[in-house]
Amino acid sequence: MTSLTMLEAAAGPVAPPLWRILTQVGYFGALALATGYFLTLAFLLPAHARGGAADRSVRALAVPVAAFVAVAGYAQYAARIARSKLGSTFAESLSPARFGDYLALPREKGAWISAAAMATVQLALFALLAVTIVAMVRFGGRAVAVAGFAVAILAASAPSLTATITTLDATANRALKLTHILACVIWLGGVFVLGAAGLRARRTGVDGAGAFERMWARFSVWAMAAVVAVTVSGVWLSWVHVGTVGQFVSTSYGRFLLLKIVLVMLMVAAGAYNVRVLIPGIRRARLAGDDAGFVRLALRHFPAVVAAEALAGIAVLLIVPFLSGSARKQADGAAAGPFDWNSFGVGALLVALLVGGCVLAVRTVPDRATAPDGPVAA
C-alpha cells in the first residue's frame, strides 16, 4: 500500500460533493412523492370521498409535487452525466448540449441497453409523471391515478433494468435491491403525501376526518407490506455490505448504515403506534358519536405523528448518498458469499415470520369487529 493510499484510508472515504447529495436526495424524494400522490388517489381515497375535503387536500399538493418531480428528475439526469466518462462538471452537465455526447456513450458489458439510454428513458418518465400529476387536478379519475402509480413504479425500477441477469446470485441481488427501493418509495411516499394532506385538512371537520380515517387504515396495509420488504431486503443487503458487527462502528459506511437502521426503526415504531393506538382510538370516537374527539385524533394528532415520521424519512434520504462502497471494502475484509438456496430458505422463513407478525398485529387491533365499514387495515 502506498503512503498516499494509507493516508486516504486513515482519513476515511471522501464525502460526496454537495451536488451529488442534493440530486440523490431529490431523486428519491421525487420518486416517493410521485408514488405517494398516485397511491393515495388510486388506492387509499374512499370512493365516497372523491370531490370532498380530503380529496381536495391531496390534489392541492399537485403543483408543488409536479414541480419538484420535474426539477429533481432533470437534476438527476445531469448528475448521471457528471458521473459518466465524459468528464463534465455538474454545472456543465445541466446544459442540454451535453445530452448528445452522453447518449453516444457505448453500452456497458452485460447490458442490453446503455445506462445513458435508460437514464434518458427515465427522464422522459419523470416528465410524464409531472404532467400527469398536474392533469390529475382537473381531469384525472381513479384510472389515471392507477396509470400514474404504474409509471412511478416503472420510473423507480428503470436503472435496475439495464443489465441482463445470468446467475442466481445476480438475480437475487438485483431483485432484492429493486424490492428495497420500491418498498422505500411506496412507504415514504405514502407518509409524505398523507402527512402533508392531513395537515392541510386540519380544519375540514367531520367530512375530512371520516375520509382520512379510512385512508390511514388502508395505508397501514401498504406500510406493513413495505416494512416486510424493507426488512428482508435490508437484512440481505446489510450482510452483503457489512461483514461483522464491529464494522458498524469501525467504518464510515457501517456508522451511516447503523444510523439509517435506527431511523427506520423509529418509523416502524411510529407506524405501530398508529395501528395499535391511534386508528382504534379514532374509530372508537366515531362509533361513540364523539365528533370533537374524532376530528381531533384524525386531523390533528394523527397528522402530527405522521409528520414526525416523515421527518425521519427525510433524514433517511439524507443518509443514502453517504452509503457508497461497503463496510467490507473499507475494513479490507472478505466479500460476501454468493446467494444460494440456503440463503433463500432463511429469507423465506424471515418473510413468513414478518408476515405472520403483521397479520397478528392487525387482527388484534381493538374494535375491528365493531367497525361497520370493514376491517381496520383493509
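Residues numbered from 1 in each chain as written. Predicted model: local features only at pLDDT ≥ 70, side-chain atom pairs only at ≥ 80, totals over all residues. Heavy atoms only, no water.

The protein carries the name CopD family protein in an unreviewed UniProt entry, which gives Tsukamurella strandjordii as its organism. For the protein, the Subcellular location (unreviewed entry) comment in UniProt is given as "Cell membrane". (UniProt positions renumbered as here; feature names shortened; annotations may be inferred.)

Peer 1: Help me get a handle on the packing of aromatic side chains, residues and values and all.
Peer 2: The relation between two aromatic rings is expressed through the spacing of the ring centres and the mutual angle of the planes. Overall, the coordinates contain 14 aromatic pairs when judged by the stated rule. On the basis of an interplanar angle of 80 degrees and a centroid distance of 5.6 Å, the ring pair of Y37 and F38 is categorised as edge-to-face. F38 matches Y37 in its accessibility class, with the two residues each being buried. Both rings, one in F212 and one in W216, keep their centres 5.6 Å apart while their planes meet at 40 degrees; by these two values the pair is tilted. Of this pair, F212 and W216 are both found in helix α10 (residues 205–241), four residues apart, which corresponds to roughly one turn of the helix. The two residues F212 and W216 agree in class, both being buried. Grouping aromatic residues by their ring pairs yields a cluster made of Y74, Y77, F99 and Y102. Across from the ring centre of Y27, 5.5 Å away, lies the NZ or CZ of R80, which sits over that ring. (Phe/Tyr/Trp six-rings, centres within 6.5 Å; stacked < 30°, edge-to-face > 60°. Buried < 20%, exposed > 50% of the residue type's maximum accessible area, 1.4 Å probe, protein only. Helix = DSSP H or I, 4+ residues; strand = E, 2+ residues; numbered from the N terminus. Lys NZ or Arg CZ within 6 Å of the ring centre and 35° of its normal.)

Peer 1: If you had to explain the packing of helix α9 (residues 168–200) against helix α13 (residues 291–319) to someone new, which residues and values would you point to?
Peer 2: Between α9 and α13, the shortest axis-to-axis distance is 8 Å and the interhelical angle comes to 140 degrees. Relative to α13, α9 is oriented oblique. Relative to α13, α9 is oriented so that their crossing is left-handed. Here W187, L188, V191, F192, G195, G198 and L199 of α9 come into contact with α13, specifically with L299, P303, V306, A307, E309, A310, G313, I314 and L317. (Axes fitted to C-alpha atoms, helices over the stretch in contact; angles between N-to-C directions. Parallel < 35°, antiparallel > 145°, perpendicular 65-115°, else oblique. Left-handed = near helix turned anticlockwise from the far one by under 90°. Contact = heavy atoms within 4.5 Å.)

Peer 1: Lay out the nonpolar core with the relevant residues and their values.
Peer 2: A general trend in soluble globular proteins is that nonpolar side chains are found buried together. In terms of nonpolar packing, the biggest core is built from 91 residues, with Y37, V69, I133, W187 and F212 touching the most fellow members. Per element, the largest residue contribution to this core is 15 residues, and it comes from helix α2 (residues 18–44). In this view, Y37 contacts V58, R59, A62, I133, M136 and V193; residues no more than four positions away in its chain are not counted. (Core = buried A, V, L, I, M, F, W, Y, C linked by side-chain atoms within 4.5 Å.)

Peer 1: Mind laying out a nonpolar patch on the surface, listing which residues take part and the relevant values?
Peer 2: A cluster of nonpolar residues, V249, L258, V262 and L266, forms a patch on the protein surface that exposes about 350 Å² of accessible area. With three residues, the single largest contributor to the nonpolar patch is helix α12 (residues 252–287). Relative to the assigned elements, L258 resides in helix α12. Residue L258 is classed as partly exposed on the basis of its relative accessible area, which comes to 37%. (Patch = residues over 30% accessible without salt bridge, like charges linked within 9 Å, V, L, I, M, F, W, Y side chains within 5 Å. Areas by Shrake-Rupley, 256 points an atom, 1.4 Å probe, with all protein chains shown as cover. Salt bridge = Lys/Arg side-chain N within 4 Å of Asp/Glu carboxyl O.)

Peer 1: Describe the pattern of salt bridges, listing the residues and the values that go with them.
Peer 2: If charged atoms from side chains of opposite charge come close, those side chains can pair. Taken as a whole, this structure holds four salt bridges when the rule is applied. Taking the shortest distance from any N to any O, the salt bridge between D55 and R59 comes out at 2.7 Å. Taken together, the residues span about one helical turn, with D55 and R59 both in helix α3 (residues 53–59) at a distance of four residues. For the residue pair D55 and R59, the accessibility class agrees, reading buried in each case. The closest approach of N and O atoms between E213 and R283, which form a salt bridge, is 3.1 Å. One end of the pair, E213, is in helix α10; the other, R283, is in helix α12, with 70 residues separating them in the sequence. The residues E213 and R283 share a single accessibility class, namely buried. The network of salt bridges with common partners includes E213, R283 and R286.

Peer 1: I'd love a proper account of the packing of α2 against α10, names of residues and values included.
Peer 2: Here α2 crosses α10 at 110 degrees, and the two axes come no closer than 11 Å. As the angle between them shows, α2 and α10 are arranged roughly perpendicular. In the crossing of α2 with α10, the sense of the turn from one axis to the other is right-handed. Only M215, R218, F219 and W222 of α10 make contact with α2, whose side of the interface consists of L39, T40, F43 and L44. Class assignment for the residues of the contact of α2 with α10 results in six nonpolar, one polar and one charged. (Nonpolar A, V, L, I, M, F, W, Y, C, P; charged D, E, K, R; others polar.)

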